[in-house]
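Structural characterization, general
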Amino acid sequence: MIALAREPSPSFVNALSEHPGKGTIDFARALDQHRRYAAALRRAGVAVEYLAPAESFPDAVFVEDAAIVLPRQAWICSMREPSRRGETGTVMEALRKYRPVEVLAPPAYIDGGDVLNVEGTLYVGLSRRTNREAAEMLSRRASCPTVPVAVHAGLHLKTSAAYLGKNVLVVDPAKVETAPFANLRRVEVEGDESANCLAVGDTVLVSASSPRLAKRLRDLGFDVVELDIGEFEKADGGVTCLSLLIPG
Ligand code: CIR
């Protein structure tokens, strides 16, 4: 497994955000948290490949949103936020080494954070960033089933839903429609904890801000690594957004 990642640049303090702490993002702390995140991925057996930092694009650290990677193909996303559109060029260059790459274009709008792959079925969040046109385009072009899912609150589908393998879905039912996931074993987050977690092999990375979820996943037998990603949470990000996984 390879993960594309990009360290934050000083401009990260200006990232898009609706989080109350957005004015207090600390660049040095973010860089340190990012390095610990990459180290955790390496310990989980992932090879981390870095894209060059992109000072002109404050949100470029959230590489997950720029592309959708499937076993035999990849798409560059058509991002709705104008300030993010320029992030995709370097991601496309890097992805071309591993997959044939196609480019999605308006009127379809989509961020990678809205595409959740559950054993080869793509669940596509209909959110502020991703529209029905994009879900339909994917359904026509991808060689796998696609299922639209309404996102009621929060930025993306994967902000509030994560598939861990073994039929287990972590989800926040207050934020996303859960009916499409009826066939999965659901772990519903409590209070203000985040369902955003990242499974790589037997390891699950969980934000340190969700300790009750971490405990429940350990009780279910997962090898959980808790990470402080507080500076990225202040920019509406989570553990999935910081990498773009390319299964080998
Ligand atoms: C944005 O608003 O686009 C970024 N500040 C956060 C993106 C988080 N990405 C993700 O959940 N996949």
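Read on for an overview of the structure. From a predicted model like this one, the values you see are computed outputs, not experimental measurements.

Taken together, the five bridges between strand E1 (residues 2-6) and strand E2 (residues 47-51) define a ladder with parallel strand orientation. Its bridge partner lying in E2, Ala3 is registered against Val48.

The next point concerns the sheet that holds E2. The sheet built from three strands is open, its strands ordered E2-E1-E15 with mixed pairing. At either margin of the open sheet sits one strand with a lone partner, and together these are E2 and strand E15 (244-246). In this sheet, neighbouring strand axes are inclined to one another by 30° on average, regardless of whether the strands run parallel or antiparallel.

We now examine the environment of Arg84. With respect to the element layout, Arg84 can be found in the loop between strand E4 (74-76) and helix H2 (88-95). For Arg84, a relative accessible area of 3% translates into the label buried. Sequence separation between Arg84 and Leu16 is 68 residues, and the spatial gap between their C-alpha atoms is 9.4 Å. Other than its neighbours up to four places away in sequence, Arg84 contacts Leu16, Asp59, Phe62, Asp65, Met79 and Arg129. For Arg84, the side chain forms a polar contact with the side chain of Glu87, separated by 2.8 Å.

The rules behind these values
Residues numbered from 1 in each chain as written. Predicted model: local features only at pLDDT ≥ 70, side-chain atom pairs only at ≥ 80, totals over all residues. Heavy atoms only, no water. Pairing = 2+ DSSP bridges. Helix = DSSP H or I, 4+ residues; strand = E, 2+ residues; numbered from the N terminus. Axes fitted to C-alpha atoms, helices over the stretch in contact; angles between N-to-C directions. Buried < 20%, exposed > 50% of the residue type's maximum accessible area, 1.4 Å probe, protein only. Contact = heavy atoms within 4.5 Å. Polar contact = N/O pair within 3.5 Å; in protein donor to acceptor, adjacent residues only side chain to side chain.

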